[in-house]
Structure formats: C-alpha cells, structure tokens
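# Commentary on secondary and tertiary structure
Here is how the chains run, residue by residue.
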Amino acid sequence: MDLIPILIGFPAVMAVILPFLKNERVRGIVVYIGAGCVIALALANLGMWMAGGGVTVNLYMDTELIDHAMTVVDLFLMCLIIYMGIKYRKILVIILTVVQTGLLMYVEFTAQLPENYHMMEDGLAILMCIIVAIVGSLICIYAVGYMKGYHSHHKEFKDRQPFFFSMLFLFLAAMLGLVLSQSLIWMYFFWEITSVISFLLIGYTRTDEAIHNSFTALWMNLLGGLGFSVAIAVLVQNTGSVQLSDAIAFGGALPLACLALAGLTKSAQLPFSSWLLGAMVAPTPSSALLHSATMVKAGVYLLIRLAPAMHGTAVGMMVSLIGGFTFIAASMMAIAQNDGKKVLAFSTISNLGLIVACAGIGVEETVWGGVLLMIFHAVSKSMLFQAVGATENCLGSRDIEDMHGLLLRLPKLTYIMGIGIAGMYLAPFGMLISKWVALKAFVDSENVLLVIFIAYGSATTMFYWTKWLSKLTTQHRARQSVKDITRKDEYLSMFIHAGAMLLMCLLFPFLATGVVNPILESMFGYASTVLSMSVLATMAIMLISVLIVPTIMAFVTRMAKRELVPIYMNGVNEGDNRHFVNSLGEPTHLYLSNWYLRFEFGMRHLMKPCVYLSASLLIVVFCLIIGGAVQ
C-alpha cells in the first residue's frame, strides 16, 4: 500500500477541519490526534520503504487530474497575493507573483512534456519526511499549551487559534509534498504554498510591524520563486524535462544558479536574511516551525540535492562563499543580541550558512557534514525556541539578562535550554563533529576563505552560546521567585526533544553509517569513510561524555558545601550582593551584564555592509552567467 497520498493528505485535511473547531479543549484533542497520526504515518512509510530494500523509488506518472488541481491552486495563491498586495499597497509582491505564475502557466500549456514520474522516495527524502513529521508535529502539540498562555498575556491581539493551528498543519502537508517531489513543477507548487503560509503566520498578530515583516518575507521568497520558475523554463527549453534528476544531470549554469537563488532566499542567506529575523514577531510555535522543520529546511534541502551538480562550478563557488560568509557574519551579529529569540534567529541563519557552504562545495565529506548538521539543528533549534517561548511566558521577558540564575528559579526549563545550547556547539554532540568534518573538507578543497569563515565563525558561535549558558547557571540569591506556568503540552514536546537530542548523540555512529552514508551512496554512487574511529569506540566516548561525566559532576556538586557569601563590589556590601556603599556613603545598585560588543558587532554596523557584499557577489555571478562568460 502506498502511504504518500495519505501522509500528505492527512495534515491537509486537518488544516481544513481545525478552523471550524472553536472549542479549545476539543481543538487540543484533535491536534494531539492529528500530530500523532502524522508521526505514525511517517514512521509507517519509513518501514515500508525499508521493507522494499531502501532503494530509490519513483512514483506517480499519470497525474493529469492532480496537475489541473495544482494549476487551480497556483492561480488561487496568485489572486490571494494580488489581493493582499492591493490591500496593503505592496506593488512588488504583485509583480513577482504575476510574472512567475504567468511564466509557469506558459511553460505548462505550451511545452510538450514527456510523461515522467512526479515523486521519488530515497534516503534524503525519507529523512526529511521524518524530520518534518516528528519535529513539526511536536511543535503543534507544544502550541496547544503555549497559545493558551500567549493569549492570556497578550489580550491586545485577537485570538485566532483555529486559523493558527490550521496553518501549522498545512505547512506540514506542503513540506512533506515538497521533499518527496521529483517534478520541479510539483516542487514549485509546494514551495509557493510554504511561502504564503509563512507570510500568514508572521502576520498573525496583524500589528503594523507584523504586517511589514510578513510582506518582507513574502517578497523575498517570491523572488526565489521567480528564480525557480525561470529555472523550469530554461530546463524545458534545453532538455525538454522538468525532472530534478535531469536538472542535476544537465548542470547548466543558468538553471542551476536560478534554483540556487531559490534555495538561498528560502534558507534566509545573505542578502535575504532579514525576512527570518522579522519572523520573530510571530508566536513562538511558528518561529520554531519556520526555523527547524519547515521553510528554511526546504532551502537547504534543495541545495543539498543540487550539491553534486555544483561541485567545481561557478555556481557552487557562489553558493559556498555566500554560505560561509553568512555563517561568520550572522554569528558575529548574534554576539550583540540580548533578546533570546534574536540570538536563536541569528544562530539559525549562521548554521544554515554552514550547511549551504557544504552544499556549494559538493563533495561527499561536505554533504555528509551538511546532512548531519541539518538533523541536529532541526531538533536542537526547535527545542530552544520552545524553551525560550515557555520562559517568556513565565518571566514576561525573553531577555537573556533576565535569565540570570534561571537554574535556581525554573530548573526544568533551564535543563532543557542547556541541552539545546550544548547540542549547538559542545562536544560530543553532532553539530560540533559535523563542523569538524566540514572544516577538514574545506581544508582539503584548499578554499582559504571558507577555512577562515568556519574557523572564526565557530569561535564567535562559542562566544555567544557560552555567554548564554553561563547566565543560566549562575548561582545567586533570586530577588523574587518565579512560578513555572509552563503547561504539560509544552513540557511533553520539550522533553521528547531533549531525549531525542541525547539519543541521537549516543547513537551518532549508527546515525552516520546507517542514515547518512546511504544518502551519499545514492547521490554520488559511493560513500567514503568520513569518521575513521570504530563504532564501538565512538559509542564509548559518547556514553562517557553524555551520561557518565554529567552524572559524576551532578553528584560532586550536590555533595559539595555551597554557601553564597557577600562579594566585593568596590565598596561595602549591603548584604544582598546587589547594593554597595560608595565613597560618598550612598547606596549604589550593582548591575551585572554580559558583554555584547554592540559597537563592534551590532546589526546597525554590520548588516548593511554584509547585504551589499553578498548581493554584489550574486549580481556579478548572474551577470557572468547571462553574459555567457560562465557555462
């Protein structure tokens, strides 16, 4: 039995049902059932694929009825964007949607396309389905509890939860369809749905800022969509095909560059990073979904697919340089942020930049590192966004400075946040190992710029994560107690994420050899040994690092005598470690703060130059390709 139509169709049906469920309790139950079914379907599909030998399977050749339905939906999306553009006087989005939809319609109705398969199951597609289904569904469960607290704190916003949950499930359906598509026309269809849904989610509160940021996200992603449609038109003209596999085999500079442009915009790489930063105005579940399981992952997924074709080409050079530059630039700007969600946003852009750089180099080592980075980033970033959102509901703030000593006030949330932060940059978690592999591959490719980018980018990454982690674990007398109002729905999702993160670390050798290596074999025809250590030796190191060392440290910490004593503050301590008597005999308040280096690394100083540099590189490469200097 083929489960793909059910896998994609079920969350789409959930999206249709949820707007009509006004009762909060009933809606929550339905979301739980829907999320569980999506996960079960994805796992069942995985089981069936593995039972069939785990080989590449092409599906669905005769799809005339579905093709017509997709055309109708494409036209509907165009009309919706035109309506919103007229309503809010955004001419650019109207132009972009009309041009790309018109171009695609022209290709579909005039070109004589041969009958071919429209979907494909292979290792990478199945992996993405598992990430989207599990992480995305857990975010939906988290949202059941979070949105109750969100609207109790933000009564100024209209409660549109039925619409919100509908969009979350529709997002899952679109992503599942996207990663399984072999036809570029089908992939474009799901691609544009994700762009429109992100626009609707970012504008959820309907404030002026939310509307402005949602249109920024829309026009940037529509620009990528335009590149996508141009790539389809050029491929049809040169190959008579719209298959992704044919695009990779053809390797023409222009269609490859246009598809790469679509991937760069969707993954929020410079100069298109501002749309993902602006997405922070949306409620936390949508931020978690955009950053971890959907939207940005669509961009890096496409670029990883194109990696073999980009190896050693001008397009590959452009993609790898933009990715590497985004990695270091975004991590530098993250240092200057004290808003937790902004740090996570810059971190997302930065880590996606590293994955993009790996795809641009296009050799087995870099793709190996890129796929593992994508896996660990999805789980860790989803967990961190959820923890920050829950902390904001408890503290009324997501400022890192307000999280001083949070371990003593909200221990469960702090442990979850700590695991997420550790997963992003500490040994032995997969993010660090994957970065090391990427660095080795960049050195082997003799790309000096990329080596500099990853070396210094990793250093700045360590700086801002260490600041945050140290702030959380500070021991001090809290000025006031904080009540943990995090709901069971939220904790259920976060605990599963934390368990999955630790489990993936323990099973890292099997994840590398059993999941990633087969993907490399299907993409390159073979898979070389990236990690030279034996599976058992690696497992032993992981076990000691993840379980034994923290257990010993927890035991030693509990046995040690701890006493908070008055500290010296350049004056007489008044007994609370917050006030001292200055030289004039007056009480003075002491405020401890992290070092943010805002003058050196602030957005105000770095963002514009970074946008100009990356945009210039894009323009130069496209001019060379269009002018015929690069083939």
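Predicted, not measured: the structure shown is a model, and the values here were computed from it. (Residues numbered from 1 in each chain as written. Predicted model: local features only at pLDDT ≥ 70, side-chain atom pairs only at ≥ 80, totals over all residues. Heavy atoms only, no water.)

Quick look at the overall build of the protein now. Scanning the protein from terminus to terminus reveals 25 helices and five strands. Counting only C-alpha atoms and orienting by the principal axes, one finds that the protein spans roughly 85 × 55 × 50 Å. The burial tally for the protein puts 58% of its 631 residues in the buried class. Here the analysis covers contacts within the protein between residues at least 6 apart in sequence; of these, 82% occur between residues at least 24 apart. Summed over all atoms, the accessible surface of the protein reaches about 25,500 Å², with 67% contributed by carbon and sulfur. (Helix = DSSP H or I, 4+ residues; strand = E, 2+ residues; numbered from the N terminus. Buried < 20%, exposed > 50% of the residue type's maximum accessible area, 1.4 Å probe, protein only. Contact = heavy atoms within 4.5 Å. Areas by Shrake-Rupley, 256 points an atom, 1.4 Å probe, with all protein chains shown as cover.)

Where like charges cluster on the molecular surface, the positive patch consists of K22, K87, K158 and R206. Residue placement: K158 occurs in the loop between α5 (123–153) and α6 (161–180). (Patch = residues over 30% accessible without salt bridge, like charges linked within 9 Å, V, L, I, M, F, W, Y side chains within 5 Å. Salt bridge = Lys/Arg side-chain N within 4 Å of Asp/Glu carboxyl O. Lys, Arg positive; Asp, Glu negative; His and termini not counted. Charge placed at Lys NZ, Arg CZ, Asp CG, Glu CD.)

For the structure shown, the criterion picks out 16 aromatic pairs. Aromatic pair F189 and F190: ring centres 5.1 Å apart, planes at 70°, arrangement edge-to-face. Across this residue pair, the class does not change: F189 and F190 are buried. Members of the aromatic cluster, each reached through a chain of ring pairs, are Y142, Y146, Y150 and F157. Here the guanidinium or amino end of K412 rests over the ring plane of Y491, the centre of that ring lying 4.4 Å away. (Phe/Tyr/Trp six-rings, centres within 6.5 Å; stacked < 30°, edge-to-face > 60°. Lys NZ or Arg CZ within 6 Å of the ring centre and 35° of its normal.)

Taken together, the side chains of I91, I95 and V99 present a nonpolar region at the surface, about 280 Å² in accessible area. By the secondary structure assignment, I95 is in helix α4 (residues 91–110). Classification of I95 by relative accessible area gives partly exposed; the value is 47%.

Turning our eyes to something else, we now look at empty space enclosed by the protein. Enumeration over the complete set of coordinates arrives at three cavities of 30 Å³ or more. Approximately 70 Å³ is the volume found for the largest cavity. Every element with two or more residues in the lining of the largest cavity is listed here: α3 (64–87), α4 and α7 (184–202). A total of four residues in the lining of the largest cavity trace back to one element, the largest contributor, which is α3. Its residues assigned to classes, the lining of the largest cavity comprises six nonpolar, three polar and two charged. (1 Å grid on protein atoms, 1.4 Å probe; cavity = no way out; pocket = protein on both sides within 12 Å on 5 of 7 lines; lining within 4 Å. Points joined across faces, edges and corners; volume = space filled by probe spheres on them. Nonpolar A, V, L, I, M, F, W, Y, C, P; charged D, E, K, R; others polar.)

Turning to the nonpolar core, a few remarks are in order. Counting residues in hydrophobic clusters, the biggest one holds 213 residues, and the most contacted among them are F228, I232, M417 and W468. Per-element tally for this core: the top contributor is α5, with 18 residues. Each residue touching I232, except ones within four places of it in the same chain, is listed here: L104, V107, L184, I185, Y188 and V242. (Core = buried A, V, L, I, M, F, W, Y, C linked by side-chain atoms within 4.5 Å.)

Read across the open sheet, the three strands follow the order β3-β4-β5; overall the sheet is antiparallel. The open sheet terminates on both sides in strands that have one partner only, identified here as β3 (572–573) and β5 (587–589). Relative to β5, strand β4 (residues 579–581) runs antiparallel, the two being bridged by three bridges. Considered in β5, the bridge of V581 is made with P587. (Pairing = 2+ DSSP bridges.)

Running from N to C, helix α13 (residues 296–310) and helix α16 (residues 364–395) point in directions that differ by 165°, and their axes come no closer than 11 Å. In terms of orientation, α13 lies roughly antiparallel with respect to α16. Handedness of the crossing formed by α13 with α16: left-handed. On α16, the residues that touch K297, V300, I304 and A307 of α13 are V367, G370, V371, M374, H377 and A378. Residues belonging to the contact of α13 with α16 are distributed by class as follows: seven nonpolar, two polar and one charged. (Axes fitted to C-alpha atoms, helices over the stretch in contact; angles between N-to-C directions. Parallel < 35°, antiparallel > 145°, perpendicular 65-115°, else oblique. Left-handed = near helix turned anticlockwise from the far one by under 90°.)

Attention shifts here to helix α25 (residues 603–627). With 25 residues, α25 extends 35 Å between its outermost C-alpha atoms, agreeing within 8% with the 36 Å of an ideal straight helix rising 1.5 Å per residue. Those residues of α25 that fall on the buried side of the exposure criterion are L606, M607, C610, S614, L618, V621, F622 and I625. Buried residues along α25 sit against α10 (253–266), α11 (274–278), α14 (314–335), α15 (340–361) and α24 (598–601). The first or second residue beyond α25 is G628, which carries a positive phi of 90°. (Expected span 1.5 Å × (residues − 1).)

Purely geometric numbers; function is a separate question.
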